[in-house]
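# Breakdown of the fold
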Amino acid sequence: MTTKLGRLRRQLPGVIAVVVAVVGYVVVSLPSVSAAEQDRMASRYGFTAMTIALPEADKQQTIRPVNKEYERIQAWISSVGAGIAINDLDGDGRPNDLCLVDTRTDQVVVTPTPGEGDQRYEPFELDLAPLPTNDAVAPMGCTPGDFNEDGRMDLLAYYWGRTAVVFLGRAGATELDSAAFTPTELVPDPKVVDGEYADAQWNTNAVAVDDFDGDGHVDIFVANYFPDSPVLDPTVDGGVEMNDSLSHAKNSGKKMIFCFEGATSSSVSFMRAPDSVFPDGAQWGWTLAAAANDLDGDLLPELYVANDHGVDHLLYNKSKPGRIEFGGVKQNRTPGVPKSKQLGNDSFKGMGIDFGDLDHDGVYDMFVSNITTPWGIQESNLHFLSTVDDQKDVRARLAAGEAPWEDHSAELGTGWSGWAWDVKFADFDNDGELEITQTTGFVQGETNRWPNLQELATANDSLVSDPLFWPNVEKGDDLAGDQTLHLFARSDEDGRYANIAPHLGLAVPVPTRGIATADADDDGLLDFAVARQFAAPVFYQNTSPGDGDFLGLRLSHEDGAPVVGAQVEVVTADGRRFIQRVDGGSGHSGKRSTDIHIGLGESGGDLDTTLRWRDRDGQTHEQDLELSAGWHDIQLGSQAKEG
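Worth saying up front: this structure is predicted, and the values here are computed from it rather than measured.

## Some remarks on the confidence of the model for the protein chain
Confidence in the prediction of the protein chain, expressed as mean pLDDT, is 94, and 95% of residues score 70 or more. Low confidence marks residues 12-29, where pLDDT is under 50. Its contacts with residues over four positions away, or in another chain, come to one contact.

## Section: the pairing of strand 22 (residues 382-386)
Moving residue by residue along a regular strand, the side chains alternate between the two faces of the sheet. For strand 22, the tally of buried residues reaches five of five residues, placing the bulk of the element in the interior. Residue alternation in strand 22 divides its side chains into two sets, Leu-382, Phe-384 and Ser-386 and His-383 and Leu-385, and both sets are buried. Bridge count for strand 21 (residues 365-369) against strand 22 is three bridges, and the pairing is antiparallel. Across the sheet, Met-366 pairs through a bridge with Phe-384, a residue of strand 22. Alignment of strand 22 against strand 23 (residues 405-407), held across three bridges, turns out to be antiparallel. Looking at the pairing, Phe-384 lines up with Asp-407 of strand 23.

## Observations concerning the environment of Gly-415
By the secondary structure assignment, Gly-415 is in the loop between helix 5 (409-412) and strand 24 (420-426). By relative accessible area, which is 0% here, Gly-415 ends up buried. Placed 46 residues apart in sequence, Gly-415 and Ser-369 show a C-alpha to C-alpha distance of 9.1 Å. Beyond its immediate sequence surroundings of up to four residues, Gly-415 is in contact with Thr-372, Ser-380, Asn-381 and Ser-409.

## Things to note about the nonpolar core
Inside soluble globular proteins, nonpolar side chains tend to come together where they are buried. Trp-76, Ile-77, Trp-419, Leu-555 and Leu-611 are the most contacted members of the largest nonpolar core, which has 75 residues in total. Not counting chain neighbours up to four residues away, the residues in contact with Leu-611 comprise Leu-553, Leu-555, Gln-567, Val-568, His-621, Glu-622, Gln-623, Leu-625, Ile-634, Leu-636 and Ala-640. Core analysis: the next-biggest nonpolar cluster, separate from the first, contains 24 residues, Tyr-304, Met-366, Phe-384 and Trp-405 among them.

## Points about a nonpolar patch on the surface
A contiguous nonpolar patch, built from Leu-463, Leu-468 and Phe-469 and spanning about 290 Å² of accessible area, is present on the exposed surface. Its location among the elements puts Phe-469 in the loop between helix 7 (461-464) and strand 27 (477-478).

## A short note on the packing of aromatic side chains
In the structure shown here, the tally under the stated rule is 23 aromatic pairs. Here the aromatic rings of Phe-221 and Phe-278 are separated by 6.2 Å at their centres, their planes lie at 65°, and the arrangement is edge-to-face. With Phe-221 in strand 13 (residues 219-224) and Phe-278 in the loop between strand 15 (267-272) and strand 16 (286-293), this residue pair connects regions lying 57 residues apart in the sequence. Comparing Phe-221 with Phe-278, the two get one shared label, buried.

## Some details on the UniProt feature "domain: ASPIC/UnbV" (unreviewed entry) in the protein chain
Here the UniProt-annotated "domain: ASPIC/UnbV" (unreviewed entry) positions come out as residues 564-622. Split by type, residues 564-622 is 0% helix and 49% strand. Its first and last C-alpha atoms lie 15 Å apart.

## Concerning the environment of Asp-359
Considering the arrangement of structural elements, one finds Asp-359 in the loop between strand 20 (352-356) and strand 21. Since its relative accessible area comes to 32%, Asp-359 is described here as partly exposed. Here Asp-359 is in contact with Asp-365 and Leu-385, once residues within four sequence places are set aside.

## Thoughts on unusual backbone geometry
The phi angle of most residues is negative, glycine excepted, and most peptide bonds adopt the trans form. The omega torsion of the bond from Ala-129 to Pro-130 falls at 10°, within 30 degrees of zero and hence cis. Tracing the sequence through the fold places Pro-130 in the loop between strand 5 (124-125) and strand 6 (138-145). Phi is positive for Asn-430, which is not a glycine, with a value near 55°. Within the secondary structure, Asn-430 sits in the loop between strand 24 and strand 25 (435-440). Given the relative accessible area of 2%, Asn-430 is considered buried. At Ala-480, a residue that is not glycine, the phi angle is positive and equals roughly 55°. Along the chain, Ala-480 turns up in the loop between strand 27 and strand 28 (486-490). The class for Ala-480 is buried, based on a relative accessible area of 3%.

## What to know about the state of the cysteines
On inspection of all chains with the given rule, the structure shows one disulfide. Residue Cys-99 pairs covalently with Cys-142 via a disulfide, S to S 2.0 Å. Taking the torsion about the sulfur-sulfur bond, which here is approximately 100°, the covalent link between Cys-99 and Cys-142 counts as right-handed. Within this pair, whereas Cys-99 is found in strand 3 (residues 97-102), its partner Cys-142 is found in strand 6, the two being separated by 43 residues in sequence.

About the criteria used
- Residues numbered from 1 in each chain as written.
- Predicted model: local features only at pLDDT ≥ 70, side-chain atom pairs only at ≥ 80, totals over all residues.
- Heavy atoms only, no water.
- pLDDT = per-residue confidence, 0-100.
- Contact = heavy atoms within 4.5 Å.
- Buried < 20%, exposed > 50% of the residue type's maximum accessible area, 1.4 Å probe, protein only.
- Helix = DSSP H or I, 4+ residues; strand = E, 2+ residues; numbered from the N terminus.
- Pairing = 2+ DSSP bridges.
- Core = buried A, V, L, I, M, F, W, Y, C linked by side-chain atoms within 4.5 Å.
- Patch = residues over 30% accessible without salt bridge, like charges linked within 9 Å, V, L, I, M, F, W, Y side chains within 5 Å.
- Areas by Shrake-Rupley, 256 points an atom, 1.4 Å probe, with all protein chains shown as cover.
- Salt bridge = Lys/Arg side-chain N within 4 Å of Asp/Glu carboxyl O.
- Phe/Tyr/Trp six-rings, centres within 6.5 Å; stacked < 30°, edge-to-face > 60°.
- UniProt positions renumbered as here; feature names shortened; annotations may be inferred.
- Disulfide = S-S within 2.5 Å.

Okay, here's the thing in structure tokens:
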């Protein structure tokens, strides 16, 4: 017996190796959607690329100046910042205005969407003056919202090198230009030295806007990537660091929530919540994306924090009005769930996140972008589907610390795409099924740096916090520079997804970052805009031939502001179920409009629609309506009133 056990022990490594090889073969050999089926799928869609008008700029750059200690990885440090958002900024009733960050000029730009009506105003730059700034400040993103609740859309801009700024829509402005917005500090009274900004050096790459404490007013989640430090100051040598781990870093910039405190027609104030609102460990991690959404039906939004270096966090909302509190939750790990894919504890490079009900069970699912480059760094996107049947069960599981979702990316065909960033769910052909749009690519150049990066990926964590040990990634170097936009559509044959972007002219080999979706031309089809890193942004007008029905909702408070966090459930005549929410700004650096759009296919008549929302006093309401397909403007107070 002892001899047999010894022989088994000696053979065990070989047995394990065979099992691993077989499993790996099965995973990489999963059936894919046939070319013929992809052609058929692509025939349902059409997009026309259109040039976005931009203002003149004093500079054009292909890389940013950086701290002297970062010079060897200058292109790496310069790899983020292209952001884009779409909304109705001029009050014409259509989400046909863009707020974008152009990394070539370091401008925050407001401009009309291309097409009909694109001459309504000239594109312009948002001007920080008279607020202080300095040459080491660069914008990273822009999030629309009515932050002072006056019925005019404002813009939240966030930066590397300084705290965020709310550009308030100015009362009495008769046209959309730089004078129509008044810059207001999110953190009042910054320190100024010799006329220049000299206060907290936030390095922000993610924000999420929602009513986190349920008091009826939106709050602002801010997540910083680098710790406060002079990242973009070329006159300084040092005072900076890199992540202290590739997968479990805890030396990042802080995460913060700013709670609405008060507003007038020309001002707004927020108060920073205490750090204790986050559970242990959740305040840290090098964050690149965040998304807020009510997952359990109590109209308090949960918060998903996607960390590049550091585990991702799904935070369960346990707040009361005036007191924010989150609890951490994790997926129960079974032998079939590798730690790298455990929701709430994964080790992948989280870089994008979105919510949507992909299987029509009335429970939100999630998609998380990661680095998924074959022969480079091949992790996996995370396509999390719910494992429970209703939001009541979700609530019980979350309260117990359990996240009831599991990853299905491999078998569904969405596991691998490239060095992935923003991701947005949208039904572009109104057939009733959500597509998955995703940006990819890192830095574009001539010299392949993948071998050097692979060495770093296998290095000891004790080395990676020092920039000295990072591989050269300078101007002219390339990492995933030829990767393209992806559009995953679902096959009717077997439910698997295929990337049909190459069939539609969307697969342009330029690194992309933010995605913003909206029905900009009011034709019932969702258009989208894409921010590109050190390249011109692009607008894709939807010309799909699909004739499916849709329900569009513009939900506003009595003061005219969008009802961020409101939830909608639709049941069609044949019993199909759809859910959607008013998104206050989720993802990496792309922000969809605050309108709700639900593709229905053939709806077959009036739609049983349930609205759930909080009013300005924080009171929750639920109302059933029968609505026809098409766009509806509905005001939500103590009751829903269509106008």
